[in-house]
Amino acid sequence: MSATGGGATAGGRMAGRKRGAGFLHERVLRLLELRYPRPLTGLELVEMLLDTGEVVPPSQVYRALKRLIDAGEACKVLVAGGYVPAGPVPAMLFWCRGCGAVHAVACPELFARLEAGATAAGMRDVRSVVEVPGLCGRCAGRNPA
Ligand SMILES: [Zn+2]
């Protein structure tokens, strides 16, 4: 509960060894990559870690996600309420409202245009996120509207 704990927990079942923050960072990124194109929520990540025997409080998972985002290795997909891994090039995020898959498509020209527009508007430190909802090929084929 408290983020400022840190004392020894009585009867704690946590692994005795404390691993560095880098460990969780890596694990979370691997899970995101494993599940791509399906976005994962923070709580799904907590559960997946639990399935492999890692007891990690949600607050730590969210901290790892924040670090991944700050490092440009993951991004949050607002429309999907989850996270996907991010490549080195800014990408448009196509979200399927049928199955929930997110496909990241690199589009440096679009982001260059956005940045130019932002600069013209006097904006600094712009982080554009482009999310485009639609239906993926499979879902569109399944129920042709
Ligand atoms: Zn779909």
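Rules of the game
Residues numbered from 1 in each chain as written. Predicted model: local features only at pLDDT ≥ 70, side-chain atom pairs only at ≥ 80, totals over all residues. Axes fitted to C-alpha atoms, helices over the stretch in contact; angles between N-to-C directions. Helix = DSSP H or I, 4+ residues; strand = E, 2+ residues; numbered from the N terminus. Parallel < 35°, antiparallel > 145°, perpendicular 65-115°, else oblique. Left-handed = near helix turned anticlockwise from the far one by under 90°. Contact = placed C-beta atoms within 7 Å. Nonpolar A, V, L, I, M, F, W, Y, C, P; charged D, E, K, R; others polar. Expected span 1.5 Å × (residues − 1). Buried ≥ 20, exposed ≤ 12 C-beta atoms within 10 Å, placed from the backbone. Arc of directions from axis to C-beta. Core = buried A, V, L, I, M, F, W, Y, C linked by C-beta atoms within 7 Å. Pairing = 2+ DSSP bridges.

Going by the annotation in an unreviewed UniProt entry, the name recorded for the protein is Fe2+ or Zn2+ uptake regulation protein, with Sphingomonas kyeonggiensis given as the source organism.

A. Seen up close, the packing of helix 2 (residues 42–51) against helix 3 (residues 58–70). The geometry of helix 2 relative to helix 3 is characterised by a closest axis approach of 9 Å and an angle of 115° between their N-to-C directions. By the angle class used here, helix 2 and helix 3 are roughly perpendicular. Considering how the two elements wind past one another, helix 2 and helix 3 form a crossing that is right-handed. Packed against helix 2, whose contacting residues are Gly42, Leu43, Leu45 and Val46, the element helix 3 presents Pro58, Val61, Tyr62 and Leu65 at the interface. Looking at the contact of helix 2 with helix 3 residue by residue, the classes come out as 7 nonpolar, 1 polar and no charged.

B. Inspection of helix 1 (residues 21–35) at higher detail. Taking 1.5 Å per residue, 15 residues should reach 21 Å; helix 1 reaches 22 Å between its end C-alpha atoms and fits that length. Regarding helix 1, the residues found buried are Leu24, Val28, Leu29 and Leu32. Viewed end-on, helix 1 has its buried residues packed into an arc of 130°, placing them on one side of the element. Exposed and facing more than 90 degrees away from the buried side of helix 1 are Gly22, Arg30, Glu33 and Leu34.

C. Examining the nonpolar core more closely. Core analysis: the biggest nonpolar cluster contains 21 residues, and Val28, Leu32, Leu65, Ala74 and Tyr83 have the highest contact counts within it. When contributions to this core are tallied by element, the ones reaching two or more residues are helix 1, helix 2, helix 3, strand 1 (74–77), strand 2 (82–85) and strand 3 (91–96).

D. Seen up close, the sheet that holds strand 3. A sheet is described by the order of its strands in space; here 3 strands give the open sequence 4-3-5, paired in mixed fashion. Edge positions in the sheet fall to strand 4 (102–106) and strand 5 (131–134), since each has one partner strand and no second. The mean angle between the axes of side-by-side strands here comes to 25°, regardless of whether they run parallel or antiparallel. Taken together, the 4 bridges between strand 3 and strand 5 define a ladder with parallel strand orientation.

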